[in-house]
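Here are the chains, one letter per residue:
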Amino acid sequence: QVQLVESGGGLVQPGGSLRLSCAASGSIFSINAMGWYRQAPGKQRELVAVITSGGSTNYADSVKGRFTISRDNAKNTVYLQMNSLKPEDTAVYYCNADIFPSRWYGDNYWGQGTQVTVSS
């Protein structure tokens, strides 16, 4: 059973920083793209950042220059470093990954979400 477990959310003041982590566990043969999405109250879930297995990255325009996505392939873990946080960054952040439990089968997985609140 493959699982994605996020950590690192919390309450932070505007201008502050947080680092989210997401570790994949279970039977894993390989992992392709890993990413972070977020969903604010009353809004649709949106892509924040994604990173391929080779390290290529893509960001939402709203977070470019403030957020950095990275991954540790040896630990099956993806990170999101969030700097210069704004109140509009407040949302539940979800980890997402394309994981192959075997050489022949892959699927898309979601974490349970972690709350990030930016407020003074």
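Data block above holds the structure.
Residues numbered from 1 in each chain as written. Predicted model: local features only at pLDDT ≥ 70, side-chain atom pairs only at ≥ 80, totals over all residues. Heavy atoms only, no water.

### What about the overall build of the protein?
Then step 1. What the protein contains, in helices and strands, is zero helices and 11 strands.
Then step 2. Secondary structure of the protein in N-to-C order comes out as β-β-β-β-β-β-β-β-β-β-β.
Then step 3. Whereas a compact globule of 120 residues would reach a radius of gyration of roughly 14 Å, the protein reaches 14 Å, a difference of no more than 12%.
Then step 4. C-alpha atoms of the protein, sized along the principal axes, occupy 50 × 25 × 25 Å.
Then step 5. Sequence-distant contacts in the protein: of pairs separated by 6 or more residues, those separated by 24 or more amount to 55%.
Then step 6. In the form shown here, the protein has an accessible surface area of approximately 6,400 Å², with 47% of it arising from carbon and sulfur atoms.
Then step 7. Placing the 10 positive and 8 negative side-chain charges of the protein at their respective mean positions leaves the two points 4 Å apart. (Helix = DSSP H or I, 4+ residues; strand = E, 2+ residues; numbered from the N terminus. Rg over C-alpha atoms; globule rule 2.2 N^0.38 Å. Contact = heavy atoms within 4.5 Å. Areas by Shrake-Rupley, 256 points an atom, 1.4 Å probe, with all protein chains shown as cover. Lys, Arg positive; Asp, Glu negative; His and termini not counted. Charge placed at Lys NZ, Arg CZ, Asp CG, Glu CD.)

### What about the side chain of Arg66?
Then step 1. Relative to the helices and strands, Arg66 resides in the loop between β6 (57-59) and β7 (67-72).
Then step 2. A distance of 2.8 Å separates a polar atom in the side chain of Arg66 from the backbone oxygen of Ser62. (Polar contact = N/O pair within 3.5 Å; in protein donor to acceptor, adjacent residues only side chain to side chain.)

### With respect to unusual backbone geometry
Then step 1. Phi at Asn76 is positive, roughly 55°, even though this residue is not glycine.
Then step 2. Relative to the helices and strands, Asn76 resides in the loop between β7 and β8 (77-82).

### Points about the nonpolar core
Then step 1. One finds Trp36, Leu80, Met82 and Tyr93 to be the most contacted residues of the largest nonpolar core, which totals 31 residues.
Then step 2. Elements represented by at least two residues in this core include exactly β3 (18-25), β4 (30-39), β5 (46-51), β7, β8, β9 (91-100) and β11 (114-118).
Then step 3. Of all the elements, β9 adds the most residues to this core, at five residues.
Then step 4. Setting aside its immediate chain neighbours within four residues, Tyr93 contacts Glu6, Leu20, Trp36, Tyr37, Arg38, Val48, Phe67, Leu80, Met82, Gly113, Thr114 and Val116. (Core = buried A, V, L, I, M, F, W, Y, C linked by side-chain atoms within 4.5 Å. Buried < 20%, exposed > 50% of the residue type's maximum accessible area, 1.4 Å probe, protein only.)

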